[in-house]
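If you want the building blocks of each chain, they are given just below.
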Amino acid sequence: MRPITKESVCDLVERGDERALLLLFDQDPDRVRRYLTRLSYAPESPLHEGAISCIRFLAEQRTACMPEFFLETIRRHLWAMNEEGGNIDWSAPEIVGAVIAGSPALFGKFFSYAFCAAVDEPTFQPSLVRAFDMVACAQPELVEEFSSRIDTLRTTGSIE
């Protein structure tokens with residue numbers, strides 16, 4: 001079995017090998033979540049998008065047997081968006097969006113919380129737009145009520 005290291009997770013994300021990542025996740029979900037979250041912190045990195053995609057894939061594959069794990073993931077990132085300690089979880093809306101998109105029936109109601117936590121904070125707005133797009137692709141009716149504000153954000157760069 002492959003060891004679960006930052007490098008091994010990074011390699012799997014880089015190669016897009018979600019199935020191998022799922023095997024590592026089944027060994028130690030917390031460690032894999034930690035490494036994927038770290039990879040998501042740099043939106044300009046090519047690994048950012050892959051890490052978010054992997055989070056969504058893991059939610060699709062394992063929510064049925066691990067709903068509390070993914071609920072905790074959402075809670076952690078919602079909390080981080082409201083944290084005022086100086087550490088900013090730049091990708092929190094996207095991570096929440098990935099979990100929601102991976103299991104919209106179970107977690108769809110959390111998009112409104114992510115939206116409210118992120119919409120007025122310029123730091124989170126690019127990630128919020130990407131989260132909106134992910135959830136809209138998975139289940140459009142979950143984000144319909146937010147579409148006009150997201151459109152404004154896309155065109156003007158801010159919410160008025």
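The sections below set out a description of the structure shown in this document. (Residues numbered from 1 in each chain as written. Predicted model: local features only at pLDDT ≥ 70, side-chain atom pairs only at ≥ 80, totals over all residues. Heavy atoms only, no water.)

### Some words on the overall build of the chain
A count of helical and extended segments in the chain gives 10 helices and 0 strands. Tracing the chain from N to C terminus, the helices and strands come up as α-α-α-α-α-α-α-α-α-α. A compact globule built from 160 residues would reach a C-alpha radius of gyration of about 15 Å, and the chain, at 15 Å, matches this within 12%. Sorting the 160 residues of the chain into buried and exposed places 49% on the buried side. In the chain, of all internal contacts separated by at least 6 residues, the share reaching a separation of at least 24 is 65%. Carbon together with sulfur atoms contributes 51% to the accessible area of the chain, which is approximately 8200 Å² in total. Of note, the chain has its 16 positive side-chain charges centred 7 Å away from the centre of its 25 negative side-chain charges. (Helix = DSSP H or I, 4+ residues; strand = E, 2+ residues; numbered from the N terminus. Rg over C-alpha atoms; globule rule 2.2 N^0.38 Å. Buried < 20%, exposed > 50% of the residue type's maximum accessible area, 1.4 Å probe, protein only. Contact = heavy atoms within 4.5 Å. Areas by Shrake-Rupley, 256 points an atom, 1.4 Å probe, with all protein chains shown as cover. Lys, Arg positive; Asp, Glu negative; His and termini not counted. Charge placed at Lys NZ, Arg CZ, Asp CG, Glu CD.)

### Quick notes on the packing of aromatic side chains
Note on aromatic pairs: each is described by the distance of the centres and the angle between the planes. A complete count under the given rule lists 9 aromatic pairs for this structure. Each ring, one from F69 and one from F70, has its centre 5.1 Å from the other, and the planes form 80°; the classification is edge-to-face. Grouping residues by exposure puts F69 and F70 together as buried. Directly above the aromatic system of Y35 lies the positively charged group of R34, at a separation of 5.5 Å from the ring centroid. (Phe/Tyr/Trp six-rings, centres within 6.5 Å; stacked < 30°, edge-to-face > 60°. Lys NZ or Arg CZ within 6 Å of the ring centre and 35° of its normal.)

### Structural notes on the side chain of T63
Secondary-structure assignment places T63 in the loop between α4 (46–62) and α5 (67–82). If sequence neighbours within four positions are ignored, T63 has contacts with L58, F70, S103, L106 and F107.

### Focus on the packing of helix α9 (residues 125–138) against helix α10 (residues 147–156)
At a minimum axis separation of 11 Å, α9 and α10 run at an interaxial angle of 130°. As judged from the angle between their axes, α9 and α10 are oblique. Here α9 runs over α10; the crossing is left-handed. Side by side, α9 and α10 meet where Q125, L128, V129, F132 and D133 of the first sit next to S147, I150, L153 and R154 of the second. (Axes fitted to C-alpha atoms, helices over the stretch in contact; angles between N-to-C directions. Parallel < 35°, antiparallel > 145°, perpendicular 65-115°, else oblique. Left-handed = near helix turned anticlockwise from the far one by under 90°.)

### Some remarks on the nonpolar core
Ranked by size, the top nonpolar core spans 55 residues in total, and within it V9, L36, L58, F70 and F111 carry the most contacts. The dominant element in this core, judged by the number of residues it contributes, is α4, at 8 residues. When residues no more than four places from it in sequence are discounted, the contact partners of L36 are V9, V13, L21, A51, C54, I55 and L58. (Core = buried A, V, L, I, M, F, W, Y, C linked by side-chain atoms within 4.5 Å.)

### Structural notes on helix α2 (residues 18–27)
Among all positions of α2, only A20, L21, L22, L24 and F25 are buried. Looking at the buried side of α2, the elements it contacts are α1 (6–15), α3 (29–40), α4 and α5.

### As for the side chain of T73
With respect to the helices and strands, the residue T73 is situated in helix α5. For T73, a relative accessible area of 4% translates into the label buried. Setting aside its immediate chain neighbours within four residues, T73 contacts R33, I95 and V99.

### Details of the pattern of salt bridges
Across all of its chains, the model carries 11 salt bridges by this definition. With its nearest N and O atoms 3.4 Å apart, the salt bridge here joins R56 to E60. With R56 and E60 both in helix α4, this residue pair falls 4 residues apart, about one helical turn. In this structure R56 comes out as partly exposed when scored by relative accessible area, which is 23%. Connected via shared salt-bridge partners are D30, R33, E72 and R76. (Salt bridge = Lys/Arg side-chain N within 4 Å of Asp/Glu carboxyl O.)

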